[in-house]
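Architecture and fold: a report
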Amino acid sequence: PCGNNIISGLVYYDKDKSCSQDAGEQGMDKVIIQVNGPADTYAIINTNDTGYYEIRVDSNTSYQVNIIPPNLILLKGYCPDQGYTVNSGPDGIITSDIDFGLDMESCALLSVDISMARLRRCFRNNAVITYRNEGSMDQANAELFVDFPEYVELLSASESYTVVDAAEGIYKFSFDTIPAFSEGK
């Protein structure tokens, strides 16, 4: 979409359920914002690492702005639960403060993804291990164990690790703290 008007706002963890962002309530990244126009879905975008989003829309058009909840396991609700109806007005109008506060269970929720391109024997191959805390609390003293197939040897990593069992290809990555709503590689 490349209209002349802008709709923007924040998605944040609403600890006190006040439906307004207070001090200490951090923005949430990678939350999907869906903007529906008169006929169909107009756009789907993600929030940035501070929870901010911005989308250009056409002028003189009515839009429905909603979130697609990031984590149904921990989500207890969000406000406003029916989203927003935004009338974009004439060219050049910026509609800000279209914010969403999420009420979540207070706990850590860790996940790990490992991605590799096609593996070729006798060649160097790269693997990317991404770890996330999608929960609302920090996770202290986290450990990640990776068990590679017998033909894969770990040569280097961006995080420090220890070899648990070289013959079995088991490695341990230790973290002091994985902050809430964070991601690392």
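Cut-off values and rules
Residues numbered from 1 in each chain as written. Predicted model: local features only at pLDDT ≥ 70, side-chain atom pairs only at ≥ 80, totals over all residues. Heavy atoms only, no water. Disulfide = S-S within 2.5 Å. Helix = DSSP H or I, 4+ residues; strand = E, 2+ residues; numbered from the N terminus. Buried < 20%, exposed > 50% of the residue type's maximum accessible area, 1.4 Å probe, protein only. Pairing = 2+ DSSP bridges. Axes fitted to C-alpha atoms, helices over the stretch in contact; angles between N-to-C directions. Salt bridge = Lys/Arg side-chain N within 4 Å of Asp/Glu carboxyl O.

A word on the state of the cysteines. Under the definition given, this model contains one disulfide. Between the sulfur of Cys19 and that of Cys79 lies a disulfide, 2.2 Å long from S to S. Between Cys19 and Cys79 the sulfur-sulfur dihedral comes to about -135°; the bridge is accordingly left-handed. In this pair, Cys19 sits in the loop between strand 1 (5-13) and strand 2 (32-36) while Cys79 sits in strand 6 (residues 75-79), placing the two residues 60 residues apart along the sequence. Unpaired in this structure, Cys107 has its nearest cysteine sulfur neighbour in Cys79, at a distance of 19 Å. Look at Cys107 and you get partly exposed, because its relative accessible area is 27%.

Turning next to the sheet that holds strand 13 (residues 162-165). Ordered in space as 12-14-13, the three strands form an open sheet in which the pairing is antiparallel. Every interior strand has two partners, whereas the edge strands, strand 12 (139-147) and strand 13, have only one. The sheet shows a mean angle of 30° between the axes of neighbouring strands, direction not considered. In this structure, strand 12 lies alongside strand 14 (residues 170-178), joined through eight bridges in antiparallel fashion. Looking across to strand 14, one finds that Phe145 is bridged to Lys172.

Now for the pattern of salt bridges. For side chains bearing opposite charge, pairing can occur when the charged atoms are close. Following the criterion strictly, the structure yields six salt bridges and no others. A salt bridge links Lys30 to Glu183; the shortest N-O distance between them is 3.5 Å. Placement of the pair is Lys30 in the loop between strand 1 and strand 2 and Glu183 in strand 15 (residues 182-184), with a sequence separation of 153 residues. The class for Lys30 is partly exposed, based on a relative accessible area of 48%. Between Arg132 and Asp113 there is a salt bridge; the shortest N-O distance is 2.5 Å.

Time to look at the sheet that holds strand 7 (residues 84-87). Reading across from one edge, 3-2-5-7 is the order of the four strands in this open sheet, with antiparallel pairing throughout. Either end of the sheet is taken by a strand with one partner, and the two such strands are strand 3 (41-46) and strand 7. Strand-to-strand twist in this sheet, taken as the mean axis angle between neighbours without regard to direction, amounts to 25°. Inspection of the sheet shows strand 2 paired to strand 5 (residues 62-68) by five bridges, in the antiparallel sense. Each bridged residue has a counterpart across the sheet, and for Asn36 the counterpart in strand 5 is Gln64.

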